[in-house]
Each structure stands twice: as structure tokens, then as C-alpha cells.
Amino acid sequence: MSNYRYLIIGGGMTAYAAISGIRAVDSDGSIGLISAESHPPYKRPPLSKGLWQGKPIEKIWYPLEELKVTLHLGHYVQTLEPADKTVIDDQGDNYHYEKLLIATGGDPVKLPFGGDEIIYFRDLDDYQKLRALSEQKQRFAVIGGGFIGSEIAAALAMNGKQVVMLFPEEGIGAALFPHGLNQFLNEYYRAKGVEVLPRQKVTGLARKQGRLFLDARGADGAESRIEADAVVAGIGIKPNVRLLEQAGLAVDNGIVVDELLRTENPDIFAAGDVASFYNPSLAIRMRAEHEDNALTMGKCAGRNMAGDAQPYHHLPYFYSDLFELGYEAVGKTDSRLETMEDWVEPYKKGVIYYRQNNRVRGVLLWNVWERVDAARALIAEPGPFTPADLKGRLLS
């Protein structure tokens, strides 16, 4: 049996940040990391961003050498036994811990057909598979118009590939962007050579004579067939809560944690995509699936595992690059909320405020930079705010 003062299940950005947090408080306590991936922790945003723009793959690796951590890669934890402070992996190996962090992230939502013919873009292996195909093939179908779908479609198109996007919503990023902006993005992508097919539900996939054929049904009931050399999908993730469910600990759209990132069991912590935490600025329990949350929450969890008592009140932000456009977003950026658009130049530069009960609940900074902290402060204010109050507020 391996014995560790600190044991981390998961090998992503959250895990790396937690190791750094532990070492900021405890320079010597033993740390073990168990990851189903065969790679040590790495930066994930470049997989759909910089690596497609010529950035070297060597830059994605986190520096672990001085952090004194033992890696158990390619191991899948099957059982958690909180009473014994023990976990057991798929190879029958046992690990004992004093403090445990669950940083298992999420599993891609998958379609009920297609099997391995569809790349559900999530990790380095997915990037390497898609990159290899892009060097051999020309026509790619991207299922999903959200965060991952929009980035992968842009990346492939910028690398000279023929791309067709299919998604059931009215426009690219429709869950996040209000109607006018998502319709602008449809046309913007088309101008970049991407075939954009909104309001399309993919219903099947077949391979014939070396080619893939996607069946789709439009909102009007019309059926179509799209041909492609390869298919990639980004249609969301489900938090990987299996171990906590098995152990009988609280789960509600993720692993429920307190402000110190502890589960119901004070020796078991959770952080990153998988954790459901309470945010005081929004006064809601939430999950966040982006880099800022992974790094900030992971480091906080690591410090607290090592004896600190730092509450996690951070309101995470996320960002994306879509060809020459870019944005940062913070808070509850849900297009179903009332929105107030404040444009310097429509759809080229501006701020969108997401309002609920006369308060600002989220902010989208569209080609507006270095205003995330100001946006966070605005979200924390009690208001009330009218649209007139917000005009120019974050553009000054």
C-alpha cells in the first residue's frame, strides 16, 4: 500500500494548482497523484487555441520537478473507502491518505451513436488524434456551437480545412450570447469559410467507403446528410462524481463543498470542474468548467488541505478567441437573462451586461480587455442598476 499525507485523484490543471497550494504551506508532506491519463498535468487551453497557431507543444507542460510529487499515471480509481482513508485503483493498488482531493473533472456528453468515429474533444490525446487527422484529411464536421465547438471550428478553418458546424441552437454560442451577437457570429464564421448549419440536430452517423456521413434533422423537420472525413464534437460535460456517490457523500450538479472546499467528510476536498461551490457575489451554488476556476480553486484547496483556512469566494472568469475576435466573461452569462448591450462598434467592441432583479449578474467583455476585476466588483454591488446606469460603465 502507498501512503500519502496528500492524495489527489485527477491529473488536470486543478491537480497541478493543488500541488502548488500544498507546497506553499507544507514543503515536505508526501503527495501522490492518480490520473487515468498517461500524461502528467498540462495546460488545457492551448489544445483548442495556441497549438493550432504554431505554439510549441513543449510549452503545455507544468513544471513538477521541484514539487516532489509521486505520479501514478494510467491508473483509474475504482473505489473510495472514507472510513479507512483508502482508495483502490483498477490495477488493485491501494493508497492510504490523510487528506484527499477529488479533481476528476467531467466526462464528455456523448451521442448515442457513432462510437469512436466521433472525437469528443477534451484532452491531449484528443488533440493529437485530431491534429494527425488534420494533416491527412480535408473536410471536418464539428458538432456543437458552444465553447469547444466554436474554438475547434475556428482552429481547423485557420489551418486551411473545410469545416461544417452543426448545432441545434439558433446561433454560435447562443446559450451565452444574445440573439444579435450569435447571429453576427453565424455570418462571421461563414465569411471565414465555415459552413454554419444552425437548428440542426444530428441523428446518426455511418461510414461508407472511407467517408463519414452525418444525418441531421432541421427544426422544420427537413432531413439532410453531411459528408466529412472526420467528426469532432463538443456538446458539454457531466461532472465525474461516481466516487462520491459510491461513498455516500453529497452530490448536486457536482460534488457539494463548503467555503473551504471540503465535502461532508472534512478530510475529503473537491475542486475544479467537478465541484459545486457557493459564490457570495451571486448568492448561488455553481460549477465552473474553465481555467481560472481550475487554477484558483485548486490552489485554494491545496492550501486548505495543508492546514490553511482560506475561504473560496472567487468569482471565476473565462475567455475565448474566435478568429480575430476575443472575449472574457465573468458571472452568470446566460442569454436567457435580460441583457443590456453597450457597443463602441456593434459586434466588434463592447460590453454586454446580464441583469436579473435590477442587479448585474454577469458581464461579457467583447474585445474589451483588463476589465474583469471591475466587472467582478460590479456584480458584487447590490444595485439597483438601470440600463442607463450601465451605459459606458466598463468602457471608461
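Everything discussed here concerns the structure shown above.
Residues numbered from 1 in each chain as written. Predicted model: local features only at pLDDT ≥ 70, side-chain atom pairs only at ≥ 80, totals over all residues. Heavy atoms only, no water.

A. Fine view of the pairing of strand E25 (residues 359-366). Buried residues dominate E25, accounting for seven of its eight residues. Here strand E22 (residues 325-331) pairs with E25 via five bridges, running antiparallel. The partner of Gly331 across the bridge, within E25, is Gly362. Across seven bridges, the pairing between strand E24 (residues 349-356) and E25 is antiparallel. Opposite Tyr354, over in E25, you have Gly362 as the bridge partner. (Buried < 20%, exposed > 50% of the residue type's maximum accessible area, 1.4 Å probe, protein only. Helix = DSSP H or I, 4+ residues; strand = E, 2+ residues; numbered from the N terminus. Pairing = 2+ DSSP bridges.)

B. Representation of helix H4 (residues 179-191) in the model. Taking 1.5 Å per residue, 13 residues should reach 18 Å; H4 reaches 19 Å between its end C-alpha atoms and fits that length. Here H4 has its buried residues at Leu181, Asn182, Phe184, Leu185, Asn186, Tyr188 and Tyr189. Positive phi shows up at Gly193, right after H4, with a value of about 95 degrees. (Expected span 1.5 Å × (residues − 1).)

C. Structural detail: the pattern of salt bridges. Inspection of the entire model under this criterion finds 25 salt bridges. Between Arg199 and Glu170 there is a salt bridge, with its nearest N and O atoms 3.6 Å apart. On the criterion of sequence distance, the pair formed by Arg199 in the loop between strand E11 (195-197) and strand E12 (200-208) and Glu170 in the loop between strand E10 (162-166) and H4 is long-range, its members being 29 residues apart. Where Glu223 meets Arg217, a salt bridge forms, and the shortest distance between an N and an O atom there is 3.4 Å. The exposed category is assigned to Glu223, whose relative accessible area is 62%. Three or more residues joined by partner-sharing salt bridges are found here, namely Lys85, Lys99 and Asp267. (Salt bridge = Lys/Arg side-chain N within 4 Å of Asp/Glu carboxyl O.)

D. Broad picture of unusual backbone geometry. Along the chain, Gly383 connects to Pro384 via a cis peptide bond; the corresponding omega equals 5 degrees. Relative to the assigned elements, Pro384 resides in the loop between helix H7 (372-380) and helix H8 (387-390). For Leu261, which is not a glycine, the phi torsion comes out positive at approximately 70 degrees. In this structure, Leu261 sits in the loop between strand E17 (255-256) and strand E18 (268-270). Residue Leu261 is classed as buried on the basis of its relative accessible area of 0%. Positioned with a positive phi, Ala283 is a non-glycine residue whose angle comes to about 55 degrees. As for its placement among the helices and strands, Ala283 is situated in the loop between strand E19 (275-279) and strand E20 (284-286).

E. Quick look at the packing of aromatic side chains. Applying the stated criterion across every chain, the model contains 16 aromatic pairs. Seen from their ring centres, Tyr16 and Tyr62 are 4.0 Å apart, and the 5 degrees between their planes marks the pair as stacked. Placement of the pair is Tyr16 in helix H1 (residues 13-25) and Tyr62 in the loop between strand E2 (31-35) and strand E3 (69-73), with a sequence separation of 46 residues. On the accessibility criterion, Tyr16 (15% relative accessible area) is buried. Taking the centre distance of 6.4 Å and the plane angle of 65 degrees together, the rings of Tyr188 and Tyr189 count as edge-to-face. Chaining the aromatic ring pairs together yields one cluster made of Phe184, Tyr188, Tyr189, Phe323, Trp343 and Tyr347. When the ring centre of Tyr319 is taken as origin, the NZ or CZ atom of Lys49, which lies over that ring, is 4.8 Å away. (Phe/Tyr/Trp six-rings, centres within 6.5 Å; stacked < 30°, edge-to-face > 60°. Lys NZ or Arg CZ within 6 Å of the ring centre and 35° of its normal.)

F. Region of the structure containing the packing of H1 against helix H6 (residues 291-305). Put simply, H1 and H6 touch, their axes get as near as 6 Å, and they point 35 degrees apart. For the element pair H1 and H6, the recorded crossing hand is right-handed. Contact residues: Met13, Thr14, Ala17, Ala18, Gly21, Ile22, Ala24 and Val25 in H1; Glu291, Ala294, Leu295, Gly298, Lys299, Gly302, Arg303 and Met305 in H6. Classifying every residue of the contact of H1 with H6 gives nine nonpolar, four polar and three charged. (Axes fitted to C-alpha atoms, helices over the stretch in contact; angles between N-to-C directions. Left-handed = near helix turned anticlockwise from the far one by under 90°. Contact = heavy atoms within 4.5 Å. Nonpolar A, V, L, I, M, F, W, Y, C, P; charged D, E, K, R; others polar.)

G. Here's a closer look at the nonpolar core. One finds Val87, Leu100, Leu101, Tyr353 and Val363 to be the most contacted residues of the largest nonpolar core, which totals 66 residues. The greatest single-element share of this core, amounting to six residues, is contributed by H1. If sequence neighbours within four positions are ignored, Tyr353 has contacts with Glu338, Thr339, Met340, Asp342, Val360, Gly362, Val363, Leu378, Leu390, Arg393 and Leu394. Counting 46 residues, the second-largest nonpolar core is a separate cluster that includes Phe121, Val232, Phe318 and Ile352. (Core = buried A, V, L, I, M, F, W, Y, C linked by side-chain atoms within 4.5 Å.)

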